[in-house]
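Okay, here's what each chain looks like letter by letter:
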Amino acid sequence: MQMMKETLAELVRVYDAAVACLKADMTAFIENGTLPPPERRTERLWTYPELRVTYRGQEKAARASRAFGRLETAGTYCTTVTRPTLFAEYLAEQLSLLEAEYEVEFEVSRSAQEIPFPYVLDGVAIGTVRPQDLAQHFPSTDLAMIGDEIADGIHVFEENDPLPLALFDGLRTDFSLARLAHYTGTSPEHCQRFVLFTNYHRYVDEFVDWAGKQVGSDGYTALSGAGGLYLDAPVDNARARLSDTAWRRHQMPAYHLIKEDRSGITLVNIGVGPSNAKTITDHLAVLRPEAWLMIGHCGGLRESQRIGDYVLAHAYLRDDHVLDPVLPPEIPLPAIAEVQQALAEAAERVSGGGVNLKKRMRTGTIVTTDDRNWELRYTASAKRFSLSRAIGIDMESATISAQGYRFRVPYGTLLCVSDKPLHGELKLPGQANRFYEEAIASHLKIGLITCDLLREQGDRLHSRKLRAFNEPPFR
């Protein structure tokens, strides 16, 4: 894999040189008012590296069953790359597959896509200089150049344009890395490849306590969290290290149980609502997670359900509407068999299986709504809910699954019934506390065991169901 290694080294060299040049020129401008030389742009000295893969149609031993790392059309494939050190393992995997199975050539050059100055400000003190002043002389963020057209299959190519190599280019990735730090209160470097989403902070307490005990075992090296939490040695009662004032500054605080190869577990408290669910998955997608799962609460819609029962989503009635312009609600979201089986097996392990599990878990359709007070309009929704055969309702699950579908990230949902509003069992304070105490630990444990099971599957986890007609080679 010599060609892959040389390519990675060149990506790092070109990117680091561009960032160093841009930082030095900005510092000179800030400190002395020195304008950057015009050749910085003509010679593309502030640009992302461009990665090109040329394929002339000759295979070595291509594996047709894999969902990614496939070249189906001869031609030149291209993308821009940011932070190649952060993405080193991902890039190495993708390039190694292509090098092993196809006759290909790799090339790295300076692209025409400039690195916006806000993405390299770390370590640069701007003093009293305004961002508007910097934007007059240095590359700035142009939103017209950032989007998900490739992922959504609507990118318009000009004649002789290269084919897309990846779903996200350097600009789109940098945009999301900056947003991740803002929303989660943690560094993108700490994000792991298996992600759990929840909609209640009490899951955070349970996760942090459990994760604090895992540091130093099973390959886990540290626990990182919003507000500066960082533990590199095992501790009991790790939740005591959380600062309420620190994590509350962040809209969707995240907590990462870190492995060196990023195969650990990230938990994100996304709060309530499809808008948050879309926002965080828009940005986490650029890190190419192996899977993401919704582990949260729902309202039970069936008389036979009890508070604390589990709901394994096999389908979704999408009334969240936040993705309608890019993924119309009539587009079905296929259940990912590998994820469903892992969730079911984990639930069986935790619940004891057999009759116990059959009493506690139902599979079926989840309604995801954008109306927090949907109960007040139930008479308008009752027929639709009944036609869908829904067994639970929440505000995030379908959005997260739809985003997994869009961005080729395996997805799944296991919810816990917190109330039964159609049957008089509402979220009353005393009842809620009992539910939390009894259900949260075992529910979270199912999610954690599921991550372990999915990790064991390797690339078999990635389903060909998620491939588009003209899929880029990179996962």
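Okay, so let's go over this structure. All figures in this text were calculated on a predicted structure; none of them were measured in a lab.

Focus on the state of the cysteines
And then number 1: All chains considered together, the criterion is met by zero disulfides.
And then number 2: Residue Cys298 stays outside any disulfide, its sulfur separated by 7.6 Å from that of Cys416, the closest cysteine.

Thoughts on the sheet that holds strand S4 (residues 163-164)
And then number 1: The mixed open sheet is built from four strands, whose spatial order is S3-S1-S2-S4. Among the strands making up the open sheet, the edge pair consists of strand S3 (102-114) and S4.
And then number 2: In this structure, strand S1 (residues 47-59) lies alongside S3, joined through nine bridges in antiparallel fashion. Within S3, the residue paired with Tyr55 across the bridge is Val104.

Re the packing of aromatic side chains
And then number 1: Applying the stated criterion to the full structure yields 10 aromatic pairs.
And then number 2: Aromatic pair Phe207 and Trp210: ring centres 6.2 Å apart, planes at 40°, arrangement tilted. With Phe207 and Trp210 both in helix H6 (residues 201-214) and three residues apart, this pair spans about one turn of that helix.
And then number 3: Judged by its relative accessible area of 0%, Phe207 is buried.

What about the nonpolar core?
And then number 1: Counting residues in hydrophobic clusters, the biggest one holds 108 residues, and the most contacted among them are Phe197, Phe207 and Leu284.
And then number 2: For this core, the element with the most residues is helix H13 (residues 429-457), which contributes nine residues.
And then number 3: Ranked by size, the runner-up nonpolar core spans 22 residues in total, among them Ile30, Leu45, Val129 and Leu134.

Some remarks on the side chain of Ser388
And then number 1: Relative to the assigned elements, Ser388 resides in helix H11 (residues 378-388).
And then number 2: Residue class for Ser388 comes out buried when judged on its relative accessible area of 17%.
And then number 3: At a separation of 3.3 Å, a polar atom in the side chain of Ser388 contacts the main-chain amide nitrogen of Ala390.

A short note on unusual backbone geometry
And then number 1: Not every positive phi belongs to a glycine, and Arg288 is a case in point at roughly 55°.
And then number 2: Along the polypeptide, Arg288 turns up in the loop between helix H8 (274-284) and strand S10 (291-300).
And then number 3: A residue is classified by how much of its surface remains accessible, and Arg288, at 3% relative accessible area, is buried.

Re helix H12 (residues 397-407)
And then number 1: Along H12, 10 of the 11 residues are buried, which leaves the element largely enclosed by surrounding structure.
And then number 2: Every buried residue belonging to H12 is among Ser397, Ala398, Thr399, Ile400, Ser401, Ala402, Gln403, Gly404, Arg406 and Phe407, and all of these are buried.
And then number 3: One or two residues past the end of H12 sits Arg408, with phi positive at roughly 60°.

About the thresholds
- Residues numbered from 1 in each chain as written.
- Predicted model: local features only at pLDDT ≥ 70, side-chain atom pairs only at ≥ 80, totals over all residues.
- Heavy atoms only, no water.
- Disulfide = S-S within 2.5 Å.
- Pairing = 2+ DSSP bridges.
- Helix = DSSP H or I, 4+ residues; strand = E, 2+ residues; numbered from the N terminus.
- Phe/Tyr/Trp six-rings, centres within 6.5 Å; stacked < 30°, edge-to-face > 60°.
- Buried < 20%, exposed > 50% of the residue type's maximum accessible area, 1.4 Å probe, protein only.
- Core = buried A, V, L, I, M, F, W, Y, C linked by side-chain atoms within 4.5 Å.
- Polar contact = N/O pair within 3.5 Å; in protein donor to acceptor, adjacent residues only side chain to side chain.

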